[in-house]
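Structure assessment
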Amino acid sequence: MGDISSGPHRVVVVGSGFGGLFATKALKGAPVDVTVIARTNHHLFQPLLYQVATGILSEGEIAPATREVLRSQANARVLLGDVTTVDLAAKTVTSVLRGRETVSSYDSLVVAAGVGQSYFGNDHYAEHAPGMKTIDDALELRGRIFGAFELAEASPNPAETEMFLTFVIVGAGPTGVEMAGQISELARRTLPGGYRSIDPSQARIVLVDFAPAVLGAFGEKLSRKAGERLRSMGVELQLGAKVVGVDATGVEVEDDAGRRRIPSLCKIWAAGVTGSPLGQQLAAQSGARLDNVDRVLVEPDLTLPGHPEVFVVGDMSAIHDLPGIAQVAIQGGRHAADQILRTIAGRPAGQPFAYHDKGSMAAVSRLYALARIGPLNLAGRFAWLVWLGVHLVYIIGFKNRFTTVFDWTVNLLSRARSERTTTSQQVLARRALQHPEASVDSIPTLPPPSDPL
Ligand SMILES: Cc1cc2nc3c(=O)[nH]c(=O)nc-3n(C[C@H](O)[C@H](O)[C@H](O)COP(=O)(O)OP(=O)(O)OC[C@H]3O[C@@H](n4cnc5c(N)ncnc54)[C@H](O)[C@@H]3O)c2cc1C
């Protein structure tokens, strides 16, 4: 640890997600200087991203400004920037904001940089099937989902209309299931009546996964119930099927029955994660190992080998086969803060991280969720109420909780969704940045049907 007699103990926290924010908050009032460095200016509540993508919630409701969240925490400052280098020997973190480099020195470091989307070696799929990890992702998907209905309404070609009205979601874990359920409700409940050439309720929603069941991690009984519920909502399940190609106008799928193509404009990738590139840096410098998805295998106290002052918490770390969920990140962040406080108080640190499992949940649709809490396996309305309550507790800020409840009530009692605004920028900005030649004209169309003889 650094020289604690020369001034307040300096803690640098990388990331303002669950791990970073809860570590920082646990240091409130302590005799430390905390610097939170993140590439986004907000704390993102990722579990509700799908509701931003499907028009129920606004981005502000699930992503309050970190600066505002920490406003009353006098010992914390927030620095916007992309962390490019962590130097374990020099005990510095280098971050970059629009070309301006900042070097922050630390006595203790908490790294909670999360994970990225994995396309299993097919990164080129990303252009046509965005993942869902960030606000940018959710807004792009919102534009693509609502945009697909608009293109269908304007299309004179039946085959093309069918392609526009087919939504393919890859990955039948919680994110994929929640997205499929919401697109189904959007198509069958919210949108009908507003179009003149198409019937939105005829939209085809396909959920594809290589695994043999949806939500396999919830156990056989809940998994079967989730599958039944999705089917009753008109979601087509293609399980045991591997995605072998993704392009602008469709998805290629392969299973025991052979290879087939699903024509679709709007594809959503909800399968696979890969550890933060910062994890590779930390591993190379400390000798820590990485697991098969590049998460850092940390010591029992969540530190790096030989570096009791560096904690790696949340999704980017791997310990005891714990899943990448919010509670693991929250409790990991709090554990790191606790060890730092012990150190500066001169008490023994290095205590092992003990995770308290509070269960897992997924909302399949309005009024229907699954919950595994201890020995309880719940499916249906009661589970949905539990899901609702837990999510409200962890949304940051009174105002956000209030407006979220309001939006949920509106959606529950009527068919309305208030966040249907989309712009070309949302859909095209990423592509415009990566491929400057891209424009609105790049939206794929199919040739007109051939004239009857
Ligand atoms: C769509 C979706 C749905 C989910 N649903 C659930 C759910 O229902 N229940 C549940 O428990 N969990 C859910 N999760 C998982 C949960 O959100 C994560 O486990 C949790 O967010 C992990 O917290 P974290 O702090 O490790 O990482 P994140 O929350 O991902 O935070 C990472 C932070 O690091 C910052 N960052 C990354 N790289 C850098 C860099 N180089 N420089 C600076 N900053 C950087 C990011 O900007 C961000 O602030 C879901 C996740 C997703 C994506």
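Only a predicted model underlies this, so the values are computations on that prediction, with no experimental measurement involved.

Regarding the overall build of the protein
When helices and strands are tallied, the protein shows 13 helices and 23 strands. If you line up the protein on its principal axes, its C-alpha atoms span 90 × 50 × 45 Å. Considering the protein as a whole, with its 453 residues, one finds that 44% of them fall into the buried category.

Let's talk about the sheet that holds strand β21 (residues 360-365)
The three strands are arranged β21-β22-β23 in an open sheet whose pairing can be described as antiparallel. Here the strands that pair on one side only, and so sit at the sheet edges, are β21 and β23 (376-380). Neighbour-to-neighbour, the strand axes of the sheet open up by a mean angle of 10 degrees, direction not taken into account. Each of β21, β22 (368-373) and β23 is contacted by helix α11 (residues 381-394), which is oriented at about 75 degrees to β22, the strand it contacts most.

Here we look at the site of the ligand
In the vicinity of the ligand, 32 residues are found, and the nearest of them are G15, G17, G19, G114 and G314. Among the elements of the structure, α1 (18-25), β2 (32-38), β4 (82-87), α7 (174-190) and α10 (326-344) are those that each provide at least two residues to the shell around the ligand. A breakdown of the residues in the shell around the ligand according to their chemical character gives 15 nonpolar, 13 polar and four charged. Formed jointly, the shell around the ligand draws a minimum of three residues from each of two domains, domain 1 (4-39 + 81-117 + 273-344) and domain 2 (123-271 + 360-434).

Quick look at the pairing of strand β7 (residues 108-111)
Two faces make up the sheet, and in a regular strand the side chains alternate between them. Burial of β7 is two-sided: the residues S108 and V110 facing one way and the residues L109 and V111 facing the other way are all buried. With four bridges connecting them, strand β1 (residues 9-14) and β7 associate as parallel partners. What sits directly across from V14, in β7, is V111. Relative to strand β19 (residues 307-312), β7 runs parallel, the two being bridged by three bridges.

Some words on the packing of helix α5 (residues 135-154) against helix α13 (residues 424-434)
A pair of packed helices can be characterised by two numbers: the angle between their axes and the separation between those axes. Relative to each other, α5 and α13 sit at 120 degrees, their axes nearing to 7 Å. Considered as vectors, α5 and α13 are oriented oblique to each other. You can see that α5 and α13 cross each other, and the crossing is left-handed. Contact with α5, carried on its side by D136, L139, E140, R142, G143, R144 and G147, involves Q426, V427 and R430 of α13 and no other residues of that element. Of the residues in the contact of α5 with α13, the class split is two nonpolar, three polar and five charged.

Notes on the nonpolar core
General note: in soluble globular proteins, nonpolar side chains tend to be found buried as a group. In this structure, V170, A369 and L370 are the most contacted members of the largest nonpolar core, which totals 77 residues. It is α5 that contributes the most residues to this core, eight residues altogether. The contact partners of A369, leaving out residues within four places of it in the chain, are M361, A362, A363, V364, A383, W384 and W387. L27, I37, V312 and A318 belong to the second-largest nonpolar core, a separate cluster that totals 50 residues.

Examining unusual backbone geometry
Even without glycine at this site, L302 takes up a positive phi of about 75 degrees. Tracing the chain through its elements places L302 in the loop between β17 (296-297) and β18 (303-304). The exposure class of L302 is buried, given the 25 C-beta atoms found within 10 Å. Here L367, not a glycine, exhibits a phi torsion of approximately 65 degrees, which is positive.

A few points about the sheet that holds β4
A sheet is described by the order of its strands in space; here three strands give the open sequence β4-β5-β6, paired in antiparallel fashion. Looking at strand neighbours, the two that pair on one side only are β4 and β6 (100-105), the edges of this open sheet. Pairwise comparison of adjacent strand axes, ignoring direction, gives a mean angle of 20 degrees for this sheet. Where strand β5 (residues 92-97) and β6 come together, six bridges link them in antiparallel fashion. Paired with S95 across the two strands is T102, which belongs to β6.

Quick word on the domain arrangement of the protein
For the protein, the domain assignment lists domain 1 (4-39 + 81-117 + 273-344) and domain 2 (123-271 + 360-434). Across the boundary between the two partners, domain 1 contributes four residues, which contact five residues of domain 2. Tallied by class, the residues present in the side of domain 1 that touches domain 2 amount to two nonpolar, two polar and no charged.

Focus on the environment of L215
Here L215 shows up in the loop between β10 (204-209) and α8 (220-232). Classification of L215 by C-beta neighbours within 10 Å gives buried; the count is 25. A C-alpha to C-alpha distance of 22 Å links L215 and V251, two positions 36 residues apart in sequence.

Re the environment of A226
Along the polypeptide, A226 turns up in helix α8. On a C-alpha basis, the gap between A226 and G380 in space is 9.6 Å, while along the polypeptide they are 154 residues apart. When near neighbours in sequence (up to four residues on either side) are disregarded, A226 contacts V177, V214, L215, V364 and L370.

Cut-off values and rules
- Residues numbered from 1 in each chain as written.
- Predicted model: local features only at pLDDT ≥ 70, side-chain atom pairs only at ≥ 80, totals over all residues.
- Helix = DSSP H or I, 4+ residues; strand = E, 2+ residues; numbered from the N terminus.
- Buried ≥ 20, exposed ≤ 12 C-beta atoms within 10 Å, placed from the backbone.
- Pairing = 2+ DSSP bridges.
- Axes fitted to C-alpha atoms, helices over the stretch in contact; angles between N-to-C directions.
- Contact = placed C-beta atoms within 7 Å.
- Near = placed C-beta within 6 Å.
- Nonpolar A, V, L, I, M, F, W, Y, C, P; charged D, E, K, R; others polar.
- Domains from an automatic or database assignment.
- Parallel < 35°, antiparallel > 145°, perpendicular 65-115°, else oblique.
- Left-handed = near helix turned anticlockwise from the far one by under 90°.
- Core = buried A, V, L, I, M, F, W, Y, C linked by C-beta atoms within 7 Å.

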